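Descriptive analysis of the structure
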Amino acid sequence: EHAVDEVTLDDLPLRDDLRGRSPYGAPQLDVPVRLNTNENPYPPPPELVDDVTEAVRAVATELHRYPDRDAVALRDDLAAYLSSSTGVEVGRRQVWAANGSNEVLQQILQAFGGPGRSALGFEPSYSMHPIISAGTRTEWLPAPRRDDFTLDAAEAARIVAERRPDIVFVTSPNNPTGGSIPLPELEAVLEAAPGIVVVDEAYAEFSSQPSALHLLDRYPAKLIVSRTMSKAFAFAGGRLGYLAASAAVVDALQLVRLPYHLSLLTQAAARAALRHADATLASVAKLAAERDRVADALQGLGFRPVPSDANFILFGRFANPGASWKSYVEQGVLIRDTGIEGHLRVTVGTPEENDAFLEASKEVGR
Ligand code: PMP
């Protein structure tokens, strides 16, 4: 019996507003088929592994020094990628990077949210938006989507105009439902917003809709487009998220970011991975085709898949999603119960993984 083992949360002087809250918790279970966190199922090709290894080896001689605090070279590379992939010219001064887009979002809330301020999102959406809001003591204002999970832009604009949040989150494609918002509808929200609008484009590469970057020039004091290398880029383990916005937004984030937040190793590895963007992103078309195949097959089995523009599919209907989720796990397939009534979410994997998922779907109770 050690005293350190006896202490519980209740014994700690935890902030009152954090008491009773749950941490983000996608289960990490060791099962054969893991389709629960929207990763790219294809491991990095050998050339990329070699290049990352070489790049890390080269900078390892400098590990006694702090890294470039402003990650200039990496931001140049990210700006070049964004410019060429979207056709919207952005430069280093319009790009900022951090350890995953979750950290980017946290910095945005630290700078533009906080006590006495509010953030609004259209639910169901990415669960970290309210969690990061809570962590920064930003009041969370949930707003609804339609019953089919699409965004009613006119209604969204009306709510934003009425509630006047300091920050609006629009996730496009939306996690966990999969649909994207067309730019004219996004503009309606931007017009109504009194403050910042964060378009979370974590899954943009999978989408057929144009990026919100096209609106940056029209809303330079409002729009922030957040991106990540965790999904299409197959770099979830590398932890690299980024954003594009006006240079003034980047200046604002410098006030809250921790110095040297992006390690020397992260910067070098991400730059090496970016050099292989063409090869990595070749998987995007394959995954989009697999997504459509899986959705059709689910439909054929009598499920109702929600139309998806991303690398995952929300599908129903289940009388008891929790019990059905367990039944998938028992068959060696890990998917996600995001808490949406009657539904579960599956990430698109390799064709073999998807087949295993579809086989399990035949057996699962509804
Ligand atoms: N935004 C959305 C919509 C996501 O789904 C995720 C990952 N699940 C993230 C942001 C954060 O990803 P990361 O921190 O790995 O960039």
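Residues numbered from 1 in each chain as written. Predicted model: local features only at pLDDT ≥ 70, side-chain atom pairs only at ≥ 80, totals over all residues. Heavy atoms only, no water.

What follows concerns the UniProt feature "modified residue: N6-(pyridoxal phosphate)lysine" (unreviewed entry) in the chain. Under the local residue numbering, the UniProt record ascribes the feature "modified residue: N6-(pyridoxal phosphate)lysine" (unreviewed entry) to K231. Summarising the element assignment, K231 is placed in the loop between β7 (223-228) and β8 (241-244). Under the relative-accessibility criterion, K231 is labelled buried at 14%. Beyond its immediate chain neighbours, meaning those up to four positions away, K231 contacts T37, N38, N40, A202, Y203 and F206. A distance of 3.3 Å separates a polar atom in the side chain of K231 from a polar atom in the side chain of Y203. (UniProt positions renumbered as here; feature names shortened; annotations may be inferred. Helix = DSSP H or I, 4+ residues; strand = E, 2+ residues; numbered from the N terminus. Buried < 20%, exposed > 50% of the residue type's maximum accessible area, 1.4 Å probe, protein only. Contact = heavy atoms within 4.5 Å. Polar contact = N/O pair within 3.5 Å; in protein donor to acceptor, adjacent residues only side chain to side chain.)

A separate point is the nonpolar core. Core analysis: the largest hydrophobic core is formed by 64 residues, its most contacted members being M229 and L240. Formed by 23 residues, the second largest nonpolar core is a distinct cluster that contains W96, I108, L243 and L253. (Core = buried A, V, L, I, M, F, W, Y, C linked by side-chain atoms within 4.5 Å.)

Looking now at the site of the ligand. Residues in close proximity to the ligand total 13 residues, the closest being S101, D200, Y203, T228 and S230. Within the contact set of the ligand, an oxygen atom lies 2.8 Å away from a side-chain nitrogen or oxygen of N175. Here R239 contributes a side-chain N or O atom positioned 2.7 Å from an oxygen atom of the ligand. Starting from 400 Å² of accessible surface for the ligand in isolation, the protein chains cover 94%. Put simply, the ligand lies in the largest pocket. For the shell around the ligand, the per-class residue count stands at 3 nonpolar, 7 polar and 3 charged. (Near = heavy atom within 4 Å. Areas by Shrake-Rupley, 256 points an atom, 1.4 Å probe, with all protein chains shown as cover. 1 Å grid on protein atoms, 1.4 Å probe; cavity = no way out; pocket = protein on both sides within 12 Å on 5 of 7 lines; lining within 4 Å. Sits in = over half its atoms within 2 Å of the grid points. Nonpolar A, V, L, I, M, F, W, Y, C, P; charged D, E, K, R; others polar.)

Looking now at the packing of aromatic side chains. What the rule picks out here adds up to 9 aromatic pairs. Between F303 and F318, the aromatic rings sit 5.6 Å apart at their centres with planes inclined by 45°, giving tilted as the arrangement. Highlighted residues: F303 in the loop between α10 (277-300) and β9 (304-305) and F318 in the loop between β10 (312-316) and α11 (321-330), separated in sequence by 15 residues. Here F303 and F318 have matching classes, each one buried. Seen in terms of ring centroids, F315 and F318 are 5.5 Å apart; in terms of plane orientation they differ by 70°. Their pairing is edge-to-face. The two residues F315 and F318 agree in class, both being buried. Here the aromatic cluster, defined as three or more aromatic residues joined through ring pairs, consists of F303, F315, F318, Y328 and F357. One cation-aromatic arrangement involves R345 over F312; the distance from NZ or CZ to the ring centre is 5.5 Å. Just above the ring of F303 sits the side chain of R366; from NZ or CZ to the centre is 3.7 Å. (Phe/Tyr/Trp six-rings, centres within 6.5 Å; stacked < 30°, edge-to-face > 60°. Lys NZ or Arg CZ within 6 Å of the ring centre and 35° of its normal.)

Looking now at the layout of surface pockets. What the largest pocket holds in volume is close to 880 Å³. The wall of the largest pocket is formed by 37 residues, among which Y24, T37, Y126, K231 and R336 lie closest to the centre. For the lining of the largest pocket, the per-class residue count stands at 13 nonpolar, 16 polar and 8 charged. (Points joined across faces, edges and corners; volume = space filled by probe spheres on them.)

Time to look at the environment of L9. Structurally, L9 can be placed in the loop between α1 (3-6) and β1 (33-34). The class of L9 is exposed, set by a relative accessible area of 55%. Along the sequence, L9 and Y66 sit 57 residues apart, while their C-alpha atoms lie 35 Å from each other. What L9 contacts, discounting residues up to four positions off in sequence, is L14 and R19.

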